[in-house]
Amino acid sequence: ATELYAEVRGPRRSWEQGPRSRVRGLGMLMGEKLTGSLADEILTPGEGQIRSLFVVGGNPASALPDQHKTEEALRSLELLVAIEPFMSTTAQLAHYILPPKLQYERPDLPTLAEPMFYNQPFAQYTQAVATPPSDELVDEWYPFWALGQRLGKPLRIRGETLDDPTPPTSERLLELLMKQSRVPLEEIRRHPAGACFDGDPCFVLPKRHDRSERFAVLPEDVQAELALVRSEHYEHGRYQGRNG
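Let us look at the structure shown here. (Residues numbered from 1 in each chain as written. Predicted model: local features only at pLDDT ≥ 70, side-chain atom pairs only at ≥ 80, totals over all residues. Heavy atoms only, no water.)

Looking at the environment of Val23
Definition in use: Helix and strand definitions here come from DSSP, where helices need a minimum of 4 consecutive H or I residues and strands a minimum of 2 consecutive E residues; each element is numbered from the N-terminal end. Only protein chains enter the accessibility calculation, which uses a 1.4 Å probe. A residue is then buried if its area is under 20% of the maximum for its type, exposed if over 50%, and partly exposed in between.
With respect to the helices and strands, Val23 occurs in the segment before strand S1 (28-29). Look at Val23 and you get buried, because its relative accessible area is 8%. Residues Val23 and Tyr96, 73 residues apart in the sequence, show an inter-C-alpha distance of 27 Å.

Regarding the side chain of Arg106
Note the cut-off: Pairs of N or O atoms within 3.5 Å make up the polar contacts considered here, provided that, within protein, one atom can donate a hydrogen while the other can accept it, and that residues adjacent in sequence are counted only when both atoms are side-chain atoms. The contact rule is simple, with two residues in contact once any of their heavy atoms fall within 4.5 Å.
Residue position: Arg106 is located in the loop between strand S5 (96-98) and helix H5 (114-117). Arg106 gets classed as buried once you look at its relative accessible area, which sits at 18%. One polar contact links the side chain of Arg106 to the main-chain carbonyl oxygen of Lys101, over a distance of 3.2 Å. For Arg106, the side chain forms a polar contact with the side chain of Asp108, separated by 3.4 Å. Excluding anything up to four places from it in sequence, Arg106 contacts Lys101, Thr126, Gln127, Ala128, Asp139 and Glu140.

Let's talk about the sheet that holds S5
Where we set the bar: Paired strands, as defined in this entry, are two strands with at least two bridges between them according to DSSP. Structural elements are reduced to axes, namely lines fitted to C-alpha atoms, with helices fitted over the stretch in contact, and the angle between N-to-C directions of any two is expressed from 0 to 180 degrees.
With parallel pairing, 3 strands are arranged side by side in an open sheet as S3-S4-S5. Each edge of the sheet is formed by a strand with only one pairing partner; in this case those strands are strand S3 (52-56) and S5. In this sheet, neighbouring strand axes are inclined to one another by 15 degrees on average, regardless of whether the strands run parallel or antiparallel. Where S3 lies against strand S4 (residues 79-83), 5 bridges are found, and the strand directions are parallel. Bridge assignment links Ser52 to a residue of S4, and that residue is Leu79. In this fold helix H6 (residues 142-151) packs onto S3, S4 and S5, with an angle of close to 145 degrees to the strand it touches most, S3.

Okay, structure coming up:
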């Protein structure tokens, strides 16, 4: 098991490392590009310009800042695919709409929600309880698996390459996601109403003597930006920026 220590993780400033966007030289946060630059990445010509976009269960046409620019960008794409069960504003602009299975039509686990919503080690496996109305409906992951097969770039999950020409089942993907779980998936399946799985308690070890990382409470660039914001002023009903 991984040992955890009561230590500070020093600031990594991940956005200053790795690839940067063509637009304003923006970095990445937690391995993802910044959504606010998507419209410019689509509209700005040149090498690396985004010309196709797959949207899964999201609605950038309504959710992103500067809605007019976002709509212009989405309309300019050569291919916009919405994997969406509802006719959202983004789906209305899409070249193709791929309707997925709904929550009762597929097996599932709360693998992503657990740390946020449960203050106890609760887990529940739910099997599909409804039959999809059409054989053409697929889970959201299937189009990406199929594209990976056609492009010769198979998907990898938990260190396993999904290069078999036969698509995996949703059950198989859940098994891979739970590959390193403290509680085996088979044990979770034995409790159809869900259960709290105590298992062996985890303890955080004391700080190691050779570690000296500290929190960066107020980095210099953040302090400078806050000072600029403080210099801004506004009148009732009218915002007055730094430039008057």
